[in-house]
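A closer look at the structure
As a plain string of letters, each chain reads:
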Amino acid sequence: MEVRYGISPIEGKGLDTKGLRDNFLIDDLFRNGELKLLYSHIDRIIVGSAVPVDSLELPAGKELGTSFFLERRELGIINIGSKGYVTLDGVKYEMNNKDGLYVGKGVREVCFESDNSNNPAKFYLNSAPAHKEYPTVKIDMKYITPQHLGSLASSNERKLYQYIHPNVCDSCQLVMGLTKLEPNNVWNTFPCHTHERRMEVYLYFDMDEEGLVFHLMGEADETRHIVMRNEQAVISPSWSIHSGVGNKNYTFIWGMVGENIEFTDMDHIDNIKIK
Ligand SMILES: O=C[C@H](O)[C@@H](O)CC(=O)C(=O)O
Ligand SMILES: [Zn+2]
């Protein structure tokens, strides 16, 4: 698995386009038939994808130093592809498009399959260190009551679905969900915020081939951007804003790990202060 280290705001402001992309962009997810994992030393989050043609197993690996992946970790899964299955120690969960799964510490075998290998499932994965076992919970998007945020007048009308959140299921430190912009709306998470207590990863998807999002990052008075394409993810350190504007509406999955699981624990930034 690829390993990346932390970047401070001092280093961050000195990076050029390539430097920003090398450190923060994850652009090789969702390869047919492959399971990809990236280990970030920022809060030790693991970001990954599994696109099963034949079945794929979640491996442990030297980076974890444990005998199986979830020995001391928890895992969140959201399927952004076609119908598939996740089997946890022999128990099979059907995963339709945008279905989610919280997998607690202690599960030994995690296996991914597609219903139709010509049209595979695309499982997106976020994992964090965990020290307590919580039960596995299947999360269907249709049972989540979304929060309505923004407005068409501000080009940021969107629905936010909390999947792994205290209202839905227990977790040690992982909080995860999905935000879908309404047609004719292009701004996400704006006005923006930081949260020194948590880092965050965004996965942008449901975009067409020419589609792009200028993902905004950096300190509020020292902003940078990364151009994002469909099914790419971006690491947001705790000190960075995370917001973006696209050429049309899109959807993104956010996952957070760190000090607390208080979704509303954000430091809101006044637009006047952004440079
Ligand atoms: O800390 C929270 C995260 O940045 C996201 O949940 C924000 C988001 O999805 C949105 O405003 O649409
Ligand atoms: Zn945030």
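- Per an unreviewed UniProt entry, the protein chain carries the name 4-deoxy-L-threo-5-hexosulose-uronate ketol-isomerase and comes from Sedimentibacter saalensis.
- Comment text from UniProt for the protein chain, heading Catalytic activity (unreviewed entry), reads "5-dehydro-4-deoxy-D-glucuronate = 3-deoxy-D-glycero-2,5-hexodiulosonate".
- Quoted verbatim from the Pathway (unreviewed entry) field of the UniProt record, the comment on the protein chain reads "Glycan metabolism; pectin degradation; 2-dehydro-3-deoxy-D-gluconate from pectin: step 4/5."

1. As for the side chain of serine 243
- Residue position: serine 243 is located in strand β22 (residues 243-246).
- Polar side-chain contacts of serine 243 include one of 2.8 Å to the backbone oxygen of asparagine 188.
- In this structure, serine 243 is in contact with Trp187, Asn188, Thr189, Phe190, Cys192, Tyr204, Phe214, His215 and Leu216, ignoring residues within four places of it in sequence.

2. Looking at the coordination of the zinc ion (ligand 2)
- Protein ligation of the zinc ion (ligand 2) involves His193 (NE2), His195 (NE2), Glu200 (OE) and His242 (NE2), the donor distances falling in the range 2.0 to 2.3 Å.
- What the six donor atoms of the zinc ion (ligand 2) show is an angle range of 74 to 174° at the metal, which sorts the shape as octahedral.
- The class for histidine 242 is buried, based on a relative accessible area of 1%.

3. Side note on the nonpolar core
- By size, the foremost hydrophobic cluster in this structure holds 53 residues, and its most contacted members are Phe24, Tyr124, Tyr163, Leu203, Tyr204 and Ile253.
- In terms of residues, this core owes the most to one element, strand β18 (residues 198-205), which gives six residues.
- Not counting chain neighbours up to four residues away, the residues in contact with tyrosine 124 comprise Leu29, Phe30, Val47, Gly48, Gly76, Ile77, Ile78, Met176, Val201, Leu203, Ala233 and Ile253.
- Grouped together as the second largest cluster of nonpolar side chains are 22 residues, Ala50, Val107, Val110 and Ala121 included.

4. What to know about the sheet that holds β22
- If you walk across this open sheet you meet the four strands as β16-β22-β19-β20, and the pairing is antiparallel. Edge positions in the sheet fall to β16 (187-188) and β20 (222-228), since each of these pairs with one other strand and no more.
- Both strand β19 (residues 213-219) and β20 contribute to a ladder of seven bridges, which runs antiparallel. Looking at β20, one finds that glycine 218 is bridged to threonine 223.
- Of the strands in this sheet, β19 and β20 are in contact with helix α2 (residues 17-24), which crosses β20 at around 70°.

The rules behind each value
- Residues numbered from 1 in each chain as written.
- Chains lettered and ligands numbered in written order.
- Predicted model: local features only at pLDDT ≥ 70, side-chain atom pairs only at ≥ 80, totals over all residues.
- Heavy atoms only, no water.
- UniProt positions renumbered as here; feature names shortened; annotations may be inferred.
- Helix = DSSP H or I, 4+ residues; strand = E, 2+ residues; numbered from the N terminus.
- Polar contact = N/O pair within 3.5 Å; in protein donor to acceptor, adjacent residues only side chain to side chain.
- Contact = heavy atoms within 4.5 Å.
- Donors = N, O, S within 2.8 Å, 3.2 Å for Na, K, Ca; no water.
- Tetrahedral: all angles 85-135°; square planar, octahedral: opposite > 155°, others 65-115°.
- Buried < 20%, exposed > 50% of the residue type's maximum accessible area, 1.4 Å probe, protein only.
- Core = buried A, V, L, I, M, F, W, Y, C linked by side-chain atoms within 4.5 Å.
- Pairing = 2+ DSSP bridges.
- Axes fitted to C-alpha atoms, helices over the stretch in contact; angles between N-to-C directions.

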